[in-house]
Structure formats: C-alpha cells, structure tokens
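Here's the letter readout for the chains.
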Amino acid sequence: MPLLAAARLEGAVRLAVSKMVSPIKVWGTLEELDTHGPEDFLERLPRILGLAPDCWSQDEQVITETARTLLTQLAGDEAGDVDAFVELGCDHLRSALSARSLDKVGEHVTTARQRFNAADAAEEARHDTQAYAAYCDAVLGFTAGDATAVAAVATRLEAALHRRDAGHCYSTGTAPRDRL
C-alpha cells in the first residue's frame, strides 16, 4: 500500500505541475501527510515534494512552504534523509538565483552546500551531491574573487564526474564517453 500511495501522490503532483488540476488540491493532501509513515512511502516522498518548489516557488508560496517543512522533517528521518537533503539543497540554489543581493546569494549557496554535504555523508558515493557541493564552492570562490579556490573546485568537479561515469559504466557495462 505505501508504494501505491506514493504513486498516487506523485501522479497528483504531476497533474498539478502540468496544470491539469489546481495545485491547491494537492496542497490539501500535502498538509495532511504524516512524515512518520511507512519507510517505502517516505523513501519516495522527498523527490515528489521537490517538484513543489521547482514549480510553485514564485506563485504558490503556501504550497512551497508546506513542501519545505515536510522536506526538513524528512531530512531527520533515515528513510528519506538523503533525498530530502538534496531537494533542500536544490531549493537553496533556486533561492540563490532569485536573491537580490550578493550576501543573500552567498547565504543560500552556503546552505545549499551544507545540504549537499549532508546528503553525501549520509550516502557514500553519491556523486551528484559531490558535484553540487563543488558547484557551490565554485560560486562562493568566484564571488570572493578566489581563483585558486575555483581552480581547486574544477579538479574536484572533474573527479566527481569521472567517478560518476565509472560507476555508471560498471553498472551498465558501457564504455565512458569522451569528454569535450
């Protein structure tokens, strides 16, 4: 039943994202969610919730805040913590893009980096979180005018992408693509 509930919720969110139904209808369901439910459901919940800030952060603040609150709660739960940290990190990157001052950009990027590092610590070999954290460090280094830090980040990012490709090739039996 938890997998069916997750699939139904994902379907409802996707319908709202595509504007087939009102996001307010989905918000009512989100408001009633129990973040102490079955593990199978909680494992899928962060990625479903991550769609809300992506789509409605400008227009439907109440839905976005509900999703952020749920993601924050899930970040403290072992079943959903890794993906919740990733979604919260992406949300802070999105907020950095719309920030009106360099100080606010720095705050959001720093918080995003903390979320991605937490996700990486919770699940070893999560190469996407390593790449996101490196991106955050690059932005922070660039805004600080620190060319040495940016160069070091470029090396970390290349290593994370190489590890990701190596893991992908191992799991699928395909050869890595040449980088441009």
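Here the residue numbers are simple positions, counted from 1 along each chain's written sequence. Reporting in this predicted model follows two pLDDT cut-offs: at least 70 for local features of residues, and 80 or more for side-chain atom pairs to be given and counted; totals over whole chains, interfaces and linings ignore these cut-offs and use all residues. Excluded from the side-chain calculations are hydrogens and water; all other atoms, namely the structure's heavy atoms, are used.

## Structural notes on a nonpolar patch on the surface
Logical step 1: Taken together, the side chains of Leu 15, Met 20 and Val 21 present a nonpolar region at the surface, about 270 Å² in accessible area.
Logical step 2: Among the structural elements, Leu 15 can be located in helix H1 (residues 2-17). A patch is a set of surface residues, each over 30% in relative accessible area and not in a salt bridge, joined within 9 Å for like charges and within 5 Å for the nonpolar side chains Val, Leu, Ile, Met, Phe, Trp and Tyr. All accessibility values rest on the Shrake-Rupley procedure with a 1.4 Å probe; residue burial counts only the protein chains present in the view. Every case where a carboxyl oxygen of Asp or Glu lies within 4 Å of a side-chain nitrogen of Lys or Arg is listed as a salt bridge. To qualify as a helix, a DSSP run of H or I must reach at least 4 residues; to qualify as a strand, a run of E must reach at least 2; elements of each kind are numbered from the N terminus.

## Some remarks on the confidence of the model for the protein chain
Logical step 1: A residue-level look at the protein chain finds 91% of positions with pLDDT of 70 or above and a mean pLDDT of 85.
Logical step 2: As a per-residue measure, pLDDT tells how confident the predictor is, with possible values from 0 to 100. At the level of individual helices and strands, the protein chain shows its lowest average pLDDT in helix H9 (residues 147-172), which scores 79, and its highest in helix H7 (residues 102-122), which scores 94.

## Quick look at helix H6 (residues 81-97)
Logical step 1: Expected span, for any helix, means 1.5 Å times one less than how many residues it has. Between its first and last C-alpha atoms H6 spans 24 Å; for 17 residues at 1.5 Å apiece the expected length is 24 Å, and the two agree.
Logical step 2: Summary of the burial criterion: residues with accessible area below 20% of their type's maximum are buried, those above 50% are exposed, and those between are partly exposed, where the area comes from a 1.4 Å probe applied to protein chains only. For H6, a buried count of 16 out of 17 residues is recorded, marking the element as mostly surrounded by other parts of the structure.

## With respect to the pattern of salt bridges
One side chain can pair with another of opposite charge once the charged atoms of both are near each other.
Logical step 1: Tallied over the full model, the rule gives 10 salt bridges.
Logical step 2: Residues Arg 44 and Glu 43 are paired through a salt bridge, measuring 3.7 Å at the closest nitrogen-oxygen approach.
Logical step 3: Here Lys 104 and Glu 107 are joined by a salt bridge, their closest N and O atoms 3.4 Å apart. Pair noted here: Lys 104 and Glu 107 are both in helix H7, with a separation of 3 residues, about one helical turn.
Logical step 4: The class of Glu 107 is partly exposed, set by a relative accessible area of 44%.

## Considerations on the packing of helix H3 (residues 39-49) against helix H5 (residues 61-75)
Geometry of a packed helix pair, given as the angle between the helix axes and the separation of the axes.
Logical step 1: Interaxial angle, 0 to 180 degrees, is taken between N-to-C directions of lines fitted to C-alpha atoms, where a helix line uses only the stretch in contact. The geometry of H3 relative to H5 is characterised by a closest axis approach of 10 Å and an angle of 145° between their N-to-C directions. With respect to the hand of their crossing, H3 and H5 are arranged in left-handed fashion. Contact residues: H3 offers Leu 42, Leu 45, Pro 46 and Leu 49, while H5 offers Ala 67, Leu 70, Leu 71 and Leu 74.
Logical step 2: Gly is put with the polar residues, along with every residue not named as nonpolar or charged; the nonpolar set is Ala, Val, Leu, Ile, Met, Phe, Trp, Tyr, Cys and Pro, and the charged set is Asp, Glu, Lys and Arg. Grouping the constituent residues of the contact of H3 with H5 by class yields 8 nonpolar, no polar and no charged. Here a crossing is taken to be left-handed if its near helix is turned anticlockwise relative to the far helix by less than a right angle, and right-handed if that turn runs clockwise. Note on contacts: a residue pair qualifies if any of its non-hydrogen atoms lie within 4.5 Å across the two residues.

## Comments concerning the state of the cysteines
A covalent bond between the sulfur atoms of two cysteines is what we call a disulfide.
Logical step 1: Two cysteine sulfurs form what is called a disulfide whenever their separation falls within 2.5 Å. For the structure shown, the criterion picks out 0 disulfides.
Logical step 2: Here Cys 55 is not disulfide-linked; the sulfur of Cys 90 is the nearest cysteine sulfur, at 13 Å.
Logical step 3: In this model Cys 136 remains outside any disulfide bridge; the closest cysteine sulfur is found in Cys 90, 9.0 Å from its own.
Logical step 4: For Cys 136, a relative accessible area of 0% puts it in the buried group.

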